[in-house]
Amino acid sequence: HRGSSWPRRRCWSCTALRRRKQPTDSAGLVLSDAEQNYLFEQTLAIYNTYGFPGVSMVGKTASTAAFLLLQHSPYIDQYYYTIEKAFSNSDIEPEQYAMCIDRHLVQNGKKQIYGTQFYSTDKTQKKYGRRFLIRPIKDYKHLNERRKSIGLDPIEKSILYKNAIIPQKYIKHWNKQRKHLEL
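Residues numbered from 1 in each chain as written. Predicted model: local features only at pLDDT ≥ 70, side-chain atom pairs only at ≥ 80, totals over all residues. Heavy atoms only, no water.

## Digging into the nonpolar core
Counting residues in each nonpolar core, the largest one holds 21 residues, and the members touching the most others are Tyr47, Phe52, Ile83 and Tyr97. Residue assignment for this core shows that the elements contributing at least two residues are helix H2 (33–50), helix H4 (60–71), helix H5 (76–88) and helix H6 (94–107). Setting aside anything within four residues of it in sequence, one finds Ile83 in contact with Phe52, Phe67, Leu70, Ile92, Gln96, Tyr97 and Cys100. Ile134, Tyr140, Leu143 and Tyr170 belong to the second-largest nonpolar core, a separate cluster that totals 11 residues. (Core = buried A, V, L, I, M, F, W, Y, C linked by side-chain atoms within 4.5 Å. Buried < 20%, exposed > 50% of the residue type's maximum accessible area, 1.4 Å probe, protein only. Helix = DSSP H or I, 4+ residues; strand = E, 2+ residues; numbered from the N terminus. Contact = heavy atoms within 4.5 Å.)

## Observations regarding the packing of aromatic side chains
Taken as a whole and assessed by the stated rule, the structure comprises 5 aromatic pairs. An angle of 20° between the planes, with centres 5.7 Å apart, marks the rings of Phe40 and Tyr75 as stacked. On the criterion of sequence distance, the pair formed by Phe40 in helix H2 and Tyr75 in the loop between H4 and H5 is long-range, its members being 35 residues apart. Note on Tyr47 and Tyr79: the rings are 5.4 Å apart at their centroids and 40° apart in plane angle, and the pair reads as tilted. Taken together, the residues span a long stretch of sequence, with Tyr47 in helix H2 and Tyr79 in helix H5 at a distance of 32 residues. Its relative accessible area of 3% is what places Tyr79 among the buried residues. Through a chain of ring-to-ring contacts, three or more aromatic side chains come together here, namely Tyr47, Phe52 and Tyr79. (Phe/Tyr/Trp six-rings, centres within 6.5 Å; stacked < 30°, edge-to-face > 60°.)

## A few points about the pattern of salt bridges
In total, this model carries 2 salt bridges according to the counting rule given. Here Glu93 and Lys60 are joined by a salt bridge, their closest N and O atoms 3.9 Å apart. Here Lys60 lies in helix H4 and Glu93 lies in the loop between H5 and H6, a separation of 33 residues in the sequence. Glu93 gets classed as partly exposed once you look at its relative accessible area, which sits at 38%. Among the ionic pairs, Arg146 bridges to Asp139, the shortest N-O distance being 3.6 Å. (Salt bridge = Lys/Arg side-chain N within 4 Å of Asp/Glu carboxyl O.)

## A word on the environment of Ile46
By secondary structure assignment, the location of Ile46 is in helix H2. With relative accessibility at 32%, the residue Ile46 sits in the partly exposed group. Each C-alpha atom, one on Ile46 and one on Ala66, is 9.5 Å from the other, the two residues being 20 residues apart in sequence. In contact with Ile46, other than residues within four places in its own chain, are Gly51 and Pro53.

## Considering the packing of H4 against H6
It is the contact of H4 with H6, at a shortest axis distance of 11 Å, that shows an interaxial angle of 10°. Here H4 lies roughly parallel to H6, going by the angle between them. Facing H4, whose interface residues are Thr64, Phe67 and Gln71, H6 presents Gln96, Met99, Cys100 and Arg103. A breakdown of the residues in the contact of H4 with H6 according to their chemical character gives 3 nonpolar, 3 polar and 1 charged. (Axes fitted to C-alpha atoms, helices over the stretch in contact; angles between N-to-C directions. Parallel < 35°, antiparallel > 145°, perpendicular 65-115°, else oblique. Nonpolar A, V, L, I, M, F, W, Y, C, P; charged D, E, K, R; others polar.)

## Quick word on the side chain of Glu156
Tracing the backbone shows Glu156 in helix H9 (residues 155–162). The class for Glu156 is buried, based on a relative accessible area of 6%. A polar side-chain atom of Glu156 sits 3.2 Å from a polar atom in the side chain of Asn144. (Polar contact = N/O pair within 3.5 Å; in protein donor to acceptor, adjacent residues only side chain to side chain.)

## Here's the deal with H4
Across its 12 residues, H4 extends 16 Å between first and last C-alpha, which sits within 8% of the 16 Å expected from 1.5 Å per residue. What H4 keeps buried is the set Ser63, Ala66, Phe67, Leu70 and Gln71. Down the axis of H4, the buried side of the element spans an arc of 135°, and every buried residue falls inside it. (Expected span 1.5 Å × (residues − 1). Arc of directions from axis to C-beta.)

## Focus: the side chain of Gln117
Along the chain, Gln117 turns up in the loop between H6 and strand S1 (118–119). Engagement of the side chain of Gln117 in a polar contact is seen with the side chain of Arg103, the distance being 2.7 Å.

Shape is all these values report; function is a separate question.
Here it is, written out as structure tokens:
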């Protein structure tokens, strides 16, 4: 998000990416902000001309890169429909689809439906350390059913993987359901 005017958030995937090297080109050279912006503009041109560059069009690695550009851009509301279409054509991973839908909902002030969006603030980092909190979930009692319906693992696996913290109201419900879940 460096050099941009859109709101700075600490999401789980952004933090994971920041722990890696700076963006590089295919030769491993660090990309400037101008070069990154140029590549992003080129990716948007592909979206506008051909739709989402899915696995069948550009391969898994390039498709994932294109998805991450969209996921972390201010244009997700404009282009998320391309993700829905790609998912209906089995051209992206279920987690990418869920992340896009949830990000779109969260950015529009709504609760997420698949439980893919986490956050951290200075206040939460002081209280919990380098852990993330899950953003509010719509109808959390049926969350794992929704996740399973699109091919995702139960939310508990995601929370463990991300070393995240969930609100107590979710924990109480999931503890009741735990006997039915295979982790």
